Amino acid sequence: MSEKPIQKPEYVKQPLTRRQFAGRVAAVAGLGGAAAYLGLAPEGWPGSLRDTTGLLSKPVDKPLRINDFRVDKPALAADVGIGRGATPADRLRKALDAIGGLQHYIKPGDIVVVKPNVAFDRAPNLGATTNPETLETLIRMILVDCRAQEVRVTDNPIESPPDCFAKSGLNAATGKAGGRVYLPDSNAFRVLNTPGAELIENWAFLHRPFTNADKVIGVAPVKDHNLCSASMGIKNWYGLLGGRRNQFHQDIHSIVSDLSIMMRPTLTILDGSNILMKNGPTGGDPSDVKPGNCLMAAVDPVAQDAWAYEHLLERGRNYPRYLFKAEEKGSGRVDWQGRIKEIA
Amino acid sequence: MLRTDRVFNRQPRKVLRRKIGLAETVFGACFVLVLALSTYWVLAQKDNFDPADRDISYETLEKDSTGEVLYETPLKLWVEPGQAGTAAAALPGTGIFPAAIVGEGWSLKGRVQVFDVSNVYEKINGAAEQYIAFGFKALHWADLTDGTRSIAIELYDQGSFPNVLGIFAAQGGNKRDVQTRGDLFWYRTSVGMIGGYGPWYFKIAGDEATESVVSAADRILAAMDDLPSSREAAAPLAYAVLTRGLGLGFGDLAYERENVFQYDFLSDFWFGKVPGDADARYFLNEQADAAKTSEIYERFRQEQARDCTVLDEGEDRVVMQHKFLKTIFALQREGGMLIGVDGAATPAAAAGSLERLREAVRRERKTDPEA
């Protein structure tokens, strides 16, 4: 058997001395020992990476802060606009004109998040969810009149989100108008930090649709509510919370007032087309729903809710406590006198 | 072959090749550039992504949502050997609902969902507290569809008939045009009906007031008295006396669970307005047995006598006049029941009303001998 030829004759071989060899063995042993210590040393020892409880590797979610989406209203425009007319489109246009027009608030290229109330798996005739016709009109106005880049429609309903969006007619309305529905999934939430909030200072928030968003508009129905008398523009933001949010119903006025500082929207639209006068928030009997010819748009959601409580729900001036708490937190003023403009 | 190479190479990182090709150099440079750009993109992107790229599609979520069922209907109902045919009240799929809710083109959309006190907020958050205040035990929810329209049936187990009446009244049902059929009662809405039967409070609501929805709702209503109802949870005799026996409407009925007449020993009383006398009302209370009835009767009589003057008294009956209000109060022991009239204008009127009430109780007892 002939000797195997050297395949790489250009390689220069260098011999290793005994000292060098010992040094390298020591280095390898040192590194191995250090790795073994880090991995095997009991939990709590300096530098130990053992994590039997899992606490060491628990992900730390840095609380998020979202933007203040408010836009200063034009000089001489009202804080709250009321539009009256035969169709939702007519009412919406008039209400927006009263506060300076939608084009003042939404600029070309904006990414706009629209938050309807899709809380329940109910047909639109029961008045428990936002009127699909109003939502469709609003999306068209944002995309066509204001030339926004994108309209994202989102909510975190109590029941199955796809079923709620489908049955309420809001999925179809969004698709028809050119918007896109963003449904919540477990990865769409992040912990939101709301300074000054009593109950939700750090709480899970449906964040994903708000990524890179420029403007936010809430579109809520006017409803009776079993616990807090009324569910209107401010209460609508409850739908962006995640986690076991039902516990907040024990202190409903605090949570609703917290919502007013959690979200500082560009605009709040309150739809008085189908008012759920009693047995809210779920309803169940179309005769509890009173048809109306009024739609509101506002930059002050507190004044807007106060006016709607008095004039649309017809409950007088004994306003819900959460409105006063929201005022204390700087979200607006309950006293709407002199700040309303109505276009019939 | 014996390997003669050293174990360690003293110059491991030294390029020992004498030549490195141009292509290799260019590729290396490009590779490093791509790596640098990728790293920059990852670092710069942070939250600046299009959420649509990371969104789960509507179709996927919809598919998942139908897969998440809280109640798994048993695949096959257990039927005792030899009793086949008698236990077919509910077929698999309709859960607690009578099988007759489906048919004539209408079928279940998804499974029947069941919620209890711990998770009812997942279905009716915000409204749940009102039901819980009236003894809520479970909510059974079924969605029916005929392909174009849909009907939702909400069936609340409130534990007892008085609780059902309580939630019915709290939601304003007693002010509506209530219809009855036996123990089943309901009023119509434009898209269905709302009513109760035994411990069940139900709402049937279609998505539109079409003829097909209304006729399907009628069919569902017809099946409602097939719901399971124990004697304890069924409408009590007092209710039957006031509605069937005396013909009072729902708006004329009231029920007080405790502290009746502001006495802590009186509970579970039914009241009904006396026709033709705005201030007078019948009252009825069922006790477990005659001995207990006598005990309560005696105590009630003694307490009332503190504020009233006794006008007439027999072994099982007493008529009194309030010392200040001057209204007439009559109380009678009738087997296991306490019956009476409160707030009558005259003793004769009180006696007449009490007699009508007593006759109605006796008639209803004959109708339902177990009562």
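Each value, and the rule that gives it
Residues numbered from 1 in each chain as written. Chains lettered and ligands numbered in written order. Predicted model: local features only at pLDDT ≥ 70, side-chain atom pairs only at ≥ 80, totals over all residues. Helix = DSSP H or I, 4+ residues; strand = E, 2+ residues; numbered from the N terminus. Rg over C-alpha atoms; globule rule 2.2 N^0.38 Å. Contact = placed C-beta atoms within 7 Å. Expected span 1.5 Å × (residues − 1). Domains from an automatic or database assignment. Nonpolar A, V, L, I, M, F, W, Y, C, P; charged D, E, K, R; others polar. Pairing = 2+ DSSP bridges. Axes fitted to C-alpha atoms, helices over the stretch in contact; angles between N-to-C directions. Buried ≥ 20, exposed ≤ 12 C-beta atoms within 10 Å, placed from the backbone.

Novice: Describe the overall build of chain A, listing the residues and the values that go with them.
Specialist: Counting secondary structure elements, chain A contains nine helices and 11 strands. Here the C-alpha atoms of chain A give a radius of gyration of 29 Å, more than 25% beyond the 20 Å that 2.2 N^0.38 yields for 344 residues. With the C-alpha coordinates of chain A rotated into their principal frame, the extents come out at 105 × 45 × 40 Å. Counted over contacts in chain A with a minimum sequence separation of 6, partners at least 24 positions apart contribute 74%.

Novice: Tell me about helix H7 (residues 211–224) of chain B, and name the residues and values.
Specialist: A rise of 1.5 Å per residue sets the reference length of H7 of chain B, with its 14 residues, at 20 Å; its end C-alpha atoms lie 20 Å apart and thus fit the reference within 8%. Looking at the packing, one finds that the buried side of H7 of chain B touches strand S4 (150–157), strand S6 (184–189), strand S7 (192–197) and strand S8 (200–206) of chain B.

Novice: An account of the domain arrangement of chain B is requested, with residue identities and associated values reported.
Specialist: All names here are of chain B. Under the domain assignment, chain B is made up of domain 1 (99–224) and domain 2 (237–367). One C-alpha centre belongs to domain 1, the other to domain 2, and the line joining them spans 33 Å. Opposite the eight residues of domain 1 that make contact, domain 2 presents seven residues. By residue number, the principal contributor to the side of domain 1 that touches domain 2 is helix H6 (residues 161–170), which donates four residues. Its residues assigned to classes, the side of domain 1 that touches domain 2 shows four nonpolar, three polar and one charged.

Novice: With reference to specific residues and values, describe the sheet that holds strand S10 (residues 267–273) of chain B.
Specialist: Residues and elements named next belong to chain B. Spatially, the seven strands line up as an open sheet ordered S9-S10-S11-S15-S14-S13-S12, and their pairing is antiparallel. The sheet is open, and its two borders are formed by strand S9 (253–258) and strand S12 (308–313), each paired with just one other strand. When strand polarity is set aside, the average angle formed by the axes of neighbouring strands in this sheet is 20°. Where strand S13 (residues 317–322) meets strand S14 (residues 328–334), five bridges bridge the pair, whose relative direction is antiparallel. Opposite Met320, over in S14, you have Phe329 as the bridge partner. Across the sheet, helix H9 (residues 290–305) lies against S12, S13, S14 and strand S15 (337–344), angled at about 165° from S14, the strand it touches most.

Novice: Give me the lowdown on H6 of chain B, citing residues and values where you can.
Specialist: Residue and element names in this part refer to chain B. Along H6, the residues classified as buried are Phe161, Pro162, Asn163, Val164, Leu165 and Phe168. In the core, the buried residues of H6 are packed alongside S7, S8, helix H8 (237–245) and S9. Positive phi appears at Gly172, one or two residues downstream of H6, with a value of about 85°.

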